[in-house]
Amino acid sequence: VVRRSLLQRYEHQPFISCLAGFYGCRWKRYQREKTEPGKCCCNMVTFCFSLVFLYTWIKGKNDYNSFDWYNYGNLGFWFLWSLVILIVAAVLFAYISLLLVLAMCLLAEGQQLYLHWSHKIGTFLVLGFSISSLFALSLLWRDHRKTVRLSFQVTAPYLHIGAIAIMVLLAWPVALHAIRADKKVTQVIIVGPYLAILLFLFLIPLGMYSPCIREMGTLGPKPALIGHRGAPMLAPENTEMSFLKTIEHGGDGLETDVTISYDGVPFLMHDDTLRRTTNIEEVYPNDTGKAASFFSWDALQKLNAGTWFLKNKPFVGMGSLSKADQNQAMNQSIYTLSSFLRLADSHNKLVIFDLYRPPEKHPYRNLWLRKVLDVILKESKIKRHLVLWLHNSVRSFVQSVAPGFQHTMGRKAPIEDLLKHNIVKLNLVYTDMSSEDIRKYAEANITTNFYVVNEPWLYSLAWCSGAHSVTTNAVHLLKDLSQPLFLMTPQQYNIMWILTDLTSAFLISLIFAL
């Protein structure tokens, strides 16, 4: 019945017009009126903004966990805001893409698109969402541009193919309107920008750089994997279970954070307070805002450091963990630095840790480094070459009392300064990744570690760039990569580039000829 009514209603109209009517649009036949491509400019601009935000957000997946924890700290409850934003962005992009395709089809039929008022509202909603989201990213995540630029180093060859494909699809409406134009000037205005963009896309690979486009046999060894607070995707962070999971999945090292209790016991805790990673609200409800370092070790031992993991992250606790793992997670306690070092030493794993100085009025505020060194050298007796010493203050003193540590710097510096202070490794945020800098430091026997690298594409880039190791939340995922993603030889890329350009040039020429 629906088909019959549509056929009767649109029996004298092309199929595209029927489709337009079905989507709530009105049209005019191309008779004496000239179709104006500018009518869909708003759709095109909205499409571009939506595409930019969607790509940016997808490539920002490496930091989704940090984004969700940031919102948890501000809102007080856990929710997958990052996933919600991704779904909304994808749906809105699909919607505006459909409208844009419909508009191009109508233009190709020589018709003008008159959007239904609901689609006009929808278009402006997509535009507003995309622009406001990009603006918010620029304020809250200032390194997002660096992440996007890094992503281009591995995705640019494939984005180039996608851009060429879009230009081929646009060839038909561009050619149609150029042929129908009465004046030569109008034809030049229509065809000129199109051909300029096409020529730019044809030649852009000449200036394209990707460390994953390299000759056979020049790829360096796979970067070592250091578990960031253990394996926080599989177990409560900074607990014995978390570190055992990292070891179980083949991690090469363990990273953690060290705080000093009120009675001088170094223990593992990232946050200033115990609110996020313990059940302090149940045990000490009046002290939830109290600094973790102002609790005695006896008080800390009464807290559970695992139930929060299953409560706030049920998608991990119930989906990825076995029943035995869930029971184990529910029985985790706060871990001491001494136990952590003994565990690493017994499995011959590297350790790296951030040290937090106690606040004012803490009895160990001026003795905290001495307490940490006593635990490392006297209690745990870990092999010294396994310790990546990151803390920069009193480094010369540490070198004198504990020779053998691998001294690590947390920022880039001139090679001369690094060698002067016996630095053998750099621990850098992943947005500082540069294959040229990595090579320069490697020539001086200084290795590089990047944090926090969770996504396979980013790990692949670190591998291709020559990084020695990465700190990651996803040891269990990255260990299975046998080679970098997007890896190809220059010859393979040249063939792909030339075939793409030749094929698209032939199709576009054929469309204009027709």
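Quick caveat, the model's predicted, so the values are computed rather than measured.

### Concerning the overall build of the chain
When helices and strands are tallied, the chain shows 22 helices and eleven strands. Burial statistics for the chain: of 514 residues in total, 48% are counted as buried. At a minimum sequence separation of 6, the contacts of the chain that also span at least 24 residues come to 67%. As presented, the chain carries roughly 25,900 Å² of accessible surface, and 62% of it is formed by carbon and sulfur atoms.

### A look at the pairing of strand E3 (residues 224-228)
Counted residue by residue, E3 has five buried out of five residues, so it is predominantly covered. Side chains of E3 alternate between two faces, with Ala224, Ile226 and His228 and Leu225 and Gly227 buried alike. In this structure, E3 lies alongside strand E11 (residues 469-472), joined through four bridges in parallel fashion. Bridged to alanine 224 within E11 is serine 469. Alignment of E3 against strand E4 (residues 253-260), held across three bridges, turns out to be parallel. Opposite glycine 227, over in E4, you have leucine 254 as the bridge partner.

### A short note on the packing of aromatic side chains
This model, assessed by the stated rule, comprises 18 aromatic pairs. Chaining the aromatic ring pairs together yields one cluster made of Phe53, Trp57, Tyr64, Phe67 and Phe129. One cation-aromatic arrangement involves lysine 440 over tyrosine 441; the distance from NZ or CZ to the ring centre is 5.3 Å.

### Examining the state of the cysteines
Considering all chains together, one arrives at one disulfide under this definition. One disulfide bridge connects cysteine 212 with cysteine 464, the sulfur atoms lying 2.3 Å from each other. Between cysteine 212 and cysteine 464, the S-S dihedral sits near 105°, and the bridge is therefore right-handed. Of this pair, cysteine 212 sits in the loop between helix H8 (184-203) and E3 while cysteine 464 is found in helix H20 (residues 456-465), placing the two residues 252 residues apart along the sequence. We note that cysteine 212, like cysteine 464, is buried.

### Some thoughts on helix H22 (residues 490-513)
For H22, which comprises 24 residues, the first-to-last C-alpha distance of 34 Å matches the rise-based estimate of 34 Å (1.5 Å per residue) to within 8%. Where H22 is concerned, the buried positions are Tyr493, Trp497, Thr500, Asp501, Ser504, Ile508 and Ile511. On its buried side, H22 packs onto helix H7 (144-180) and H8.

### Some thoughts on the environment of leucine 198
Its location among the elements puts leucine 198 in helix H8. Apart from residues lying up to four places away in sequence, leucine 198 is in contact with Met167 and Ile508.

### Details of the UniProt feature "transmembrane region" (unreviewed entry) in the chain
With numbering matched to this structure, UniProt assigns "transmembrane region" (unreviewed entry) to residues 40-58, 78-109, 121-141, 156-176 and 188-209. Within the segment residues 121-141, helix and strand shares are 95% and 0% respectively, and the terminal C-alpha atoms sit 29 Å apart. In residues 188-209, helix accounts for 73% and strand for 0%; the two terminal C-alpha atoms are 33 Å from one another.

### Looking at the pattern of salt bridges
Between side chains of opposite charge, a pair can form when the charged atoms approach closely. Evaluation of the coordinates by the stated rule reveals 14 salt bridges. The closest approach of N and O atoms between lysine 412 and aspartate 437, which form a salt bridge, is 2.6 Å. With lysine 412 in the loop between strand E8 (406-409) and helix H18 (415-420) and aspartate 437 in helix H19 (residues 435-443), the pair connects residues that are 25 residues apart, well separated along the chain. Overall, lysine 412 belongs to the partly exposed group, its relative accessible area being 32%. Residue aspartate 437 is classed as buried on the basis of its relative accessible area, which comes to 18%. The network of salt bridges with common partners includes Arg229, Glu237, Asp257, Asp271 and Arg276.

### Focus on the packing of helix H3 (residues 41-59) against helix H6 (residues 117-140)
Where H3 contacts H6, the axes come no closer than 9 Å and their chain directions differ by 40°. In this view, H3 runs oblique relative to H6, as classed from their interaxial angle. The interaxial crossing formed by H3 with H6 has left-handed handedness. Where H3 approaches H6, its residues Cys42, Asn43, Val45, Thr46, Phe49, Ser50, Val52, Phe53, Thr56 and Trp57 are matched on the opposing element by Thr123, Phe124, Val126, Leu127, Phe129, Ser130, Ile131, Ser133, Leu134 and Leu137. Partitioning the contact of H3 with H6 into residue classes produces 13 nonpolar, seven polar and no charged.

### A closer look at the pairing of E4
Taken across its eight residues, E4 has eight buried, putting it largely inside the fold. Here E4 shows a buried face lined by Gly253, Glu255, Asp257 and Thr259 and a second buried face lined by Leu254, Thr256, Val258 and Ile260. Examined bridge by bridge, E4 and strand E6 (residues 350-355) share six bridges and lie parallel to one another. Bridging from a neighbouring strand, leucine 254 pairs with valine 351 of E6. Both E4 and strand E5 (residues 266-268) contribute to a ladder of three bridges, which runs antiparallel. Of the residues in E5, the one forming a bridge with threonine 259 is phenylalanine 267.

### Observations regarding the nonpolar core
In this structure, Leu418, Tyr430, Met433, Phe450 and Tyr459 are the most contacted members of the largest nonpolar core, which totals 48 residues. In this structure, this core is formed jointly by two domains, domain 1 (142-213 + 488-513) and domain 2 (224-480), each of which donates at least three residues. Not counting chain neighbours up to four residues away, the residues in contact with tyrosine 459 comprise Lys222, Pro223, Leu225, Val453, Val470, Leu478 and Leu481. Listed in part, the 28 residues of the second largest apolar core include Phe340, Leu369, Leu386 and Ala402.

### Side note on helix H9 (residues 240-248)
Turning to H9, its buried residues number three or more, namely Met241, Ser242, Phe243, Lys245, Thr246 and Ile247. Looking at the buried side of H9, the elements it contacts are E3, E4, E5, helix H14 (323-329), helix H15 (337-346) and helix H21 (475-478). Glycine 250 occupies a position one or two residues after H9 and carries a positive phi of about 85°.

Reading the values: the criteria
- Starting from 1, residues in each chain are numbered consecutively following that chain's sequence as written.
- Per-residue local features are limited, in this predicted model, to residues with pLDDT of at least 70; the limit for side-chain atom pairs, both in listing and counting, is 80 or more; totals at the level of whole chains, interfaces and linings are taken over all residues.
- Only hydrogens and water are set aside when side-chain values are computed; all heavy atoms of the structure are taken into account.
- Helix and strand assignments follow DSSP, with helices taken as H or I runs no shorter than four residues and strands as E runs no shorter than two, numbered in order from the N terminus.
- Type-normalised accessible area, obtained with a 1.4 Å probe on protein chains alone, sets the label of each residue: buried when under 20%, exposed when over 50%, and partly exposed for intermediate values.
- Contact between two residues is taken to exist if any of their heavy atoms lie within 4.5 Å; hydrogens are not considered.
- Here the open area of atoms and residues is found with the Shrake-Rupley method and a 1.4 Å probe, where only the protein chains shown may cover a residue.
- By the convention used here, strands pair only if DSSP detects at least 2 bridges between them.
- Only centres within 6.5 Å qualify two rings of Phe, Tyr or Trp (six-membered ring in Trp) as a pair; their planes then separate them into stacked at under 30 degrees, edge-to-face at over 60, and tilted for everything else.
- Whether a charge sits over a ring comes down to the Lys NZ or Arg CZ being within 6 Å of the ring centre and within 35 degrees of the ring normal.
- In plain terms, two cysteine sulfur atoms within 2.5 Å form what is called a disulfide here.
- Here the expected span of a helix is defined as 1.5 Å times the quantity of residues minus one.
- UniProt positions are given in the numbering used here, feature names are shortened, and annotations may be inferred rather than shown by experiment.
- A side-chain nitrogen of Lys or Arg and a carboxyl oxygen of Asp or Glu constitute a salt bridge if their distance falls within 4 Å.
- Axes, fitted as lines to C-alpha atoms, cover a helix only where it is in contact. Angles between the N-to-C directions of the axes lie from 0 to 180 degrees.
- For classification purposes, angles smaller than 35 degrees are called roughly parallel, those larger than 145 roughly antiparallel, those between 65 and 115 roughly perpendicular, and all remaining angles oblique.
- What makes a crossing left-handed is the near helix being turned counterclockwise from the far one by less than a right angle; a clockwise turn instead makes it right-handed.
- Throughout, the ten residues Ala, Val, Leu, Ile, Met, Phe, Trp, Tyr, Cys and Pro are labelled nonpolar, Asp, Glu, Lys and Arg are labelled charged, and all others, Gly among them, are labelled polar.
- Side-chain atoms within 4.5 Å link the members of a nonpolar core, which is a set of buried Ala, Val, Leu, Ile, Met, Phe, Trp, Tyr and Cys residues.
- Domain borders in the structure are assigned automatically or taken from a domain database.

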